[in-house]
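Overview (structure and organization)
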Amino acid sequence: EESDQKYAMILAIWGALGLPLSLEKAVRGKIVTWTSATFTPEPGCVTVEVKRAIVEDTMTMVKDALAKNLIPIKELRTLTGKLTHIASLVMTLRPFLSELYAAQTSNKGSPPPGCIWMVQVETVLKWVTACLGGLPGKLERKYYLSAYMQSSLQISLELDASPWGLGGVLLEDGKPISWFATPLSTEELILLDIKLGDAAAQQTVEALAALVALRGWHQRWLTRRSVIRVRSDSVSALVLALKLKTRGRAPGIIAREMALDIAAANYTPDVAEHVPGIHNTIPDALSRKYQPGQRFIVPDVLKDVPELQLKLRGRDYFRSLGAPPT
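This text gives an overview of the structure that appears in the document. (Residues numbered from 1 in each chain as written. Predicted model: local features only at pLDDT ≥ 70, side-chain atom pairs only at ≥ 80, totals over all residues. Heavy atoms only, no water.)

1. What to know about the nonpolar core
Rules: Among buried residues, those of type Ala, Val, Leu, Ile, Met, Phe, Trp, Tyr and Cys that are joined through side-chain atoms within 4.5 Å constitute a nonpolar core. Each residue is placed in one exposure class: buried if its accessible area under a 1.4 Å probe, protein chains only, is under 20% of its type's maximum, exposed if it is over 50%, and partly exposed if it falls in between. By definition, any uninterrupted DSSP run of H or I lasting at least four residues is a helix, any uninterrupted run of E lasting at least two residues is a strand, and each is numbered from the N terminus. Working rule for contacts: check all heavy atoms of both residues, and any pair within 4.5 Å makes them a contact.
In terms of nonpolar packing, the biggest core is built from 77 residues, with Leu93, Leu132, Leu157, Leu166, Leu192 and Leu208 touching the most fellow members. Residue contributions to this core peak at ten residues, all from helix 8 (residues 202-217). In this view, Leu192 contacts Thr204, Leu208, Arg249, Ala250, Ile253, Ile254 and Phe318; residues no more than four positions away in its chain are not counted. Counting residues in each nonpolar core, the second largest holds seven residues, with Leu171, Ala181, Leu286 and Val305 among its members.

2. Some points on the packing of aromatic side chains
Formally: Two aromatic rings from Phe, Tyr or Trp, using only the six-membered ring of Trp, form a pair when their centres are within 6.5 Å; if the ring planes differ by under 30 degrees the pair is stacked, by over 60 it is edge-to-face, and anything between is tilted. Our definition puts a charge over a ring when NZ of Lys or CZ of Arg is within 6 Å of the ring centre and also within 35 degrees of the ring normal.
This structure, assessed with the given rule, holds three aromatic pairs. A centroid spacing of 5.3 Å and a plane angle of 55° characterise the contact between Phe180 and Trp217, whose relative ring orientation is tilted. Separated by 37 residues along the polypeptide, Phe180 in strand 9 (residues 175-183) and Trp217 in helix 8 bring together distant segments of the chain. Judged on exposure class, the residue Phe180 and its partner Trp217 are both buried. The ring of Tyr7 is capped by Arg28, whose NZ or CZ atom sits 4.2 Å from the centre of that ring. Over the ring of Tyr317 we find Arg215; its NZ or CZ atom is 4.5 Å from the centre of that ring.

3. Side note on the sheet that holds strand 11 (residues 271-274)
Two strands in a sheet stick together by hydrogen bonds in their backbones, pointing the same way (parallel) or opposite ways (antiparallel). For clarity, the threshold we go by: One bridge is not enough; two strands pair if DSSP finds at least two bridges between them. Here an axis means a line fitted to C-alpha atoms, over the contact stretch when the element is a helix, while the angle between two N-to-C directions is reported on a 0 to 180 degree scale.
Strand order in the open sheet formed by five strands is 9-8-7-10-11, with mixed pairing between adjacent strands. The sheet terminates laterally at strand 9 and strand 11, the two strands that pair on one side only. Strand-to-strand twist in this sheet, taken as the mean axis angle between neighbours without regard to direction, amounts to 20°. Taken together, the eight bridges between strand 8 (residues 165-172) and strand 9 define a ladder with antiparallel strand orientation. Paired with Glu172 across the bridge in strand 9 is Lys175. Relative to the sheet, helix 8 contacts strand 7 (153-162), strand 8, strand 9 and strand 10 (226-232), its axis offset from that of strand 7 by approximately 145°. Together, strand 10 and strand 11 form the strand contacts of helix 9 (residues 235-243), whose direction differs from that of strand 11 by roughly 175°.

In structure tokens, the structure reads:
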């Protein structure tokens, strides 16, 4: 009865304001399907799931494409459009789409006119199949009220990167809990096209710092409802962490790694906050631990805080470069 009254009140207000209403399209219920998604209110959250019919149709197209040696660009364009539509909700697909868009204007391997070789997009389409098939992810997103009311454990990751390494501090409810300072590995330098000491790759190393921090500390919040806040002086790294949007080959690799972690429910960043570089002094100092000629001293605020010991990252750290497990 209360719901009916509120519903009628909203319609009356909209009508009084002269706003156009398409009542024939109205849907009510405990589970509502609207355009391409199903919305389910639950205690403390709303679950949004992509319509199964759309997913099944797209999966059929992907499987048909993978069975060929060549794929017409027109067909690839249609498939990419469907995946883009799904990615508006299943954001873990977003980093994989850039390669599909790039392939549409490629002439790699001199394919027949109007086509591309399947090998060019085969790995990406296999990961798309894994994501849409529920391995390792789900075709839904949950929007928690606690994330907006800040009633859960408040986790903050203070991050920075330099041309020599990465640094970060983990805070829980404002208290430092852990920190790390790690150099760039030889494999990372080659794979991500980074020149040690060259600031030209700053966008890439800032994004890498976010990935390493989220992956390294994910056990801290895996079994607790938390609000994860990523703080950095890099806007591009923040956009990547929150929306999985980026440009360029190396940041694209990092975005795909984050997408796989999020799909496996290892973490989902809730808030991205820009910190001016002048105020990001502690993470900056940690990121410069391995700078030649730099004398590193643990900042006073971290002297009694345990350090997160990280192994140097090899090629196997970047899972999206190979095919998904079968």
